[in-house]
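Spelled out, the chains give:
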Amino acid sequence: MSIRPGPFVVMVCGGPPYDDSTREGITVKYMLLINAGASAQDDDACTVEDWMAYDQAVRQAGVWVSGESLADLVTATTVRVSKDGKRSVTDGPYAETREVLGGFYVIDVPDLDVALDWAARCPGARGGGSVVVRPVADFGA
């Protein structure tokens, strides 16, 4: 499956709204989960150059922490463990969804608004795709 993103769609998922008003001067890590749409129209498709430019911009801005593109969905394996501890392994996720997780970025930015700005700039947010933005939990470790 190729990732062919197009118009901006950004979702914020998780528990209650994240309150960063007490964190002035402190950055927060956010994970941008890039979901490719199951189908994209040719005129909405982004190019490899779009991805390279976005990756370069994130790194040059100094907000990049980590990121990876995932291999094709057909390489996925799902593991489930039943209540009695038996492991079940199946090929693929086979979820009823129109989006497929294609990769991620972890960025370190001042607040959610900045994370949403980076998500909206991501080529993966176009063409039926989306970028889910979630704060990385800090357990004080």
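K.L.:
What's the story with the confidence of the model for the protein in this structure? I'm lost.
P.N.:
As a note on interpretation, predicted positions should not be read in detail where pLDDT is low. Put simply, the protein has an average pLDDT of 78, and 72% of its residues get 70 or more. The secondary-structure element of the protein with the lowest mean pLDDT is strand E1 (residues 10-12), recorded at 35, while helix H2 (residues 112-121) shows the highest, at 95. Taken as a whole, residues 1-23 scores under 50 in pLDDT and shows 64 contacts with residues more than four places along the chain or in a different chain.

K.L.:
Help me understand the packing of helix H1 (residues 48-60) against H2 in this model?
P.N.:
Helix-helix packing is described using two parameters, namely the angle between the two axes and the distance between the axes. Closest axis-to-axis distance for the H1/H2 pair is 10 Å, and the angle between their directions is 160 degrees. It follows that H1 is roughly antiparallel to H2 by the angle criterion. Judged by residue contacts, Tyr54, Ala57 and Val58 of H1 engage Trp118, Ala119 and Arg121 from H2. Classifying every residue of the contact of H1 with H2 gives five nonpolar, no polar and one charged.

K.L.:
What's the story with the environment of Arg87 in this structure? I'm lost.
P.N.:
Tracing the backbone through its elements, the reader meets Arg87 in strand E5 (residues 87-91). Once residues within four sequence positions are removed from consideration, Arg87 is found in contact with Val79 and Arg80.

K.L.:
Before we go on, may I ask you to explain the nonpolar core in this structure?
P.N.:
Grouped burial of nonpolar side chains is what soluble globular proteins tend to show. Counting 19 residues, the largest nonpolar core has Tyr30, Leu32, Ile107, Trp118, Val131 and Val133 as the members making the most contacts within it. Those elements giving two or more residues to this core turn out to be strand E2 (28-37), H1, strand E6 (99-109), H2 and strand E7 (130-135). If sequence neighbours within four positions are ignored, Trp118 has contacts with Leu32, Tyr54, Ala57, Val58, Ala61, Val63, Ile107 and Val109.

K.L.:
Is there a simple way to think about the packing of aromatic side chains in this case?
P.N.:
To describe a pair of aromatic rings, one takes the distance between the centres and the angle between the planes. Counting across every chain of the model gives two aromatic pairs. Geometrically, the ring pair formed by Tyr54 and Tyr105 is edge-to-face, given 5.3 Å between the ring centres and 85 degrees between the ring planes. In this pair, Tyr54 is assigned in helix H1 and Tyr105 in strand E6, connecting sequence segments 51 residues apart. The same class applies to Tyr54 and to Tyr105, which are both buried. Measuring from ring centre to ring centre gives 6.1 Å for Tyr54 and Trp118, while their planes differ by 70 degrees; the resulting arrangement is edge-to-face. Of this pair, Tyr54 sits in helix H1 while Trp118 sits in helix H2; the two residues are 64 residues apart in sequence, bridging distant segments of the chain. Here Tyr54 matches Trp118 in class, with each residue buried.

What counts, and where the lines are drawn
- Sequence order as written defines the numbering, with residues in each chain counted from 1.
- Local features are withheld for residues below a pLDDT of 70 in this predicted model, meaning they are given only at 70 or higher, and side-chain atom pairs are given and counted only at 80 or more; totals for whole chains, interfaces and linings count all residues.
- Hydrogens and waters are ignored; side-chain quantities use all the structure's heavy atoms.
- What pLDDT conveys is the predictor's confidence in a given residue, as a value from 0 to 100.
- Each helix corresponds to a stretch of at least 4 residues labelled H or I by DSSP, and each strand to a stretch of at least 2 residues labelled E; elements are numbered beginning at the N terminus.
- Should any heavy atoms of two residues lie within 4.5 Å, those residues are counted as being in contact.
- Angles here are taken between N-to-C directions and fall from 0 to 180 degrees, while the axes themselves are lines fitted to C-alpha atoms, restricted in helices to the stretch in contact.
- In these notes the angle categories are as follows: under 35 degrees is roughly parallel, over 145 is roughly antiparallel, 65 to 115 is roughly perpendicular, and the rest is oblique.
- The residue classification treats Ala, Val, Leu, Ile, Met, Phe, Trp, Tyr, Cys and Pro as nonpolar and Asp, Glu, Lys and Arg as charged. All others, Gly included, are polar.
- Within this scheme, the nonpolar core is defined by two criteria: the residues are buried Ala, Val, Leu, Ile, Met, Phe, Trp, Tyr or Cys, and they are joined through side-chain atoms within 4.5 Å.
- The rule is simple: take the accessible area with a 1.4 Å probe, protein chains only, and divide by the maximum for that residue type; under 20% is buried, over 50% is exposed, in between is partly exposed.
- Stacked, edge-to-face and tilted are the three classes for Phe, Tyr and Trp ring pairs, Trp counted by its six-membered ring, which pair at centre distances within 6.5 Å; planes under 30 degrees apart are stacked, over 60 edge-to-face, the rest tilted.

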